[in-house]
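Overview (structure and organization)
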Amino acid sequence: MSRVLNLSAPFLLGFDEIERTMDRLAKAASDGYPPYNIERVERDNNRPERYRITLAVAGFTREELDITLEENQLIIRGRQLDDKSRQYLHRGIAARQFQRVFLLADGMEVAGAELQNGLLSVDLARPEPERIIRRIDIQARD
């Protein structure tokens, strides 16, 4: 079951960009390669809430993978080049390219990335936001 967001309600101001982003992400989510997991990592000691994205990238080397953070988008790309010097009798494992985009909430930080046993793990942290209360002065106009 999919959720329908009604971000055009009159009391929700400035959320139209979120609605466009959700539409774009829904289209990108239809590609199933490479498969991935997203897990919540329990808080421990003084560490903030964390998430881990794990992608199955068997066959990719560290040099063929690229992770960038562009504004609030975490972009993970993989690029494999065909080895023209090899002669295949059967080729069932194709050299593929991929791009996965994850939209991060404000304040999310990329804590690090690791490639081990064909799995690329990217750790994210969400520090506790500061509570900001600001009083707005009311001006009198006569």
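Here's a quick rundown of the structure. Just so it is clear, the model here is predicted, and its values are computed rather than measured. (Residues numbered from 1 in each chain as written. Predicted model: local features only at pLDDT ≥ 70, side-chain atom pairs only at ≥ 80, totals over all residues. Heavy atoms only, no water.)

1. Focus: the side chain of Arg77
Residue position: Arg77 is located in strand β4 (residues 73-79). Polar contacts involving the side chain of Arg77 include one to the side chain of Gln99, which spans 3.0 Å. Apart from the residues lying within four places of it in its own chain, the contact partners of Arg77 are Glu64, Leu65, Asp66, Thr68, Glu70, Phe98 and Gln99. (Helix = DSSP H or I, 4+ residues; strand = E, 2+ residues; numbered from the N terminus. Polar contact = N/O pair within 3.5 Å; in protein donor to acceptor, adjacent residues only side chain to side chain. Contact = heavy atoms within 4.5 Å.)

2. Looking at the sheet that holds strand β3 (residues 65-70)
One open sheet holds the three strands; their spatial order is β3-β4-β5, and the pairing between them is antiparallel. Single-partner strands in this sheet number two, and they are β3 and β5 (97-103). Direction aside, the axes of adjacent strands within the sheet are offset by 15 degrees on average. In the sheet, β4 pairs with β5 via seven bridges, with the strands oriented antiparallel. Looking at β5, one finds that Arg79 is bridged to Gln97. (Pairing = 2+ DSSP bridges. Axes fitted to C-alpha atoms, helices over the stretch in contact; angles between N-to-C directions.)

3. Comments concerning the packing of aromatic side chains
Geometry of an aromatic ring pair is reported as the spacing of the ring centres plus the angle between the planes. All told, the structure shown has three aromatic pairs when counted by the stated rule. With 6.1 Å between their ring centres and 85 degrees between their planes, Tyr33 and Phe98 make a pair best called edge-to-face. Here Phe98 lies in strand β5 and Tyr33 lies in the loop between α1 (16-28) and β1 (36-41), a separation of 65 residues in the sequence. Here Tyr33 matches Phe98 in class, with each residue buried. Ring centres 5.3 Å apart and planes at 85 degrees place the aromatic pair Phe60 and Phe98 in the edge-to-face group. Placement of Phe60 in the loop between β2 (49-56) and β3 and of Phe98 in strand β5 is noted, with a sequence separation of 38 residues between them. Each member of the pair Phe60 and Phe98 is classed as buried. Following the ring pairs from residue to residue traces out a cluster consisting of Tyr33, Phe60 and Phe98. Arg96 extends its terminal NZ or CZ atom over the ring of Tyr33, reaching a point 3.7 Å from the ring centre. (Phe/Tyr/Trp six-rings, centres within 6.5 Å; stacked < 30°, edge-to-face > 60°. Buried < 20%, exposed > 50% of the residue type's maximum accessible area, 1.4 Å probe, protein only. Lys NZ or Arg CZ within 6 Å of the ring centre and 35° of its normal.)

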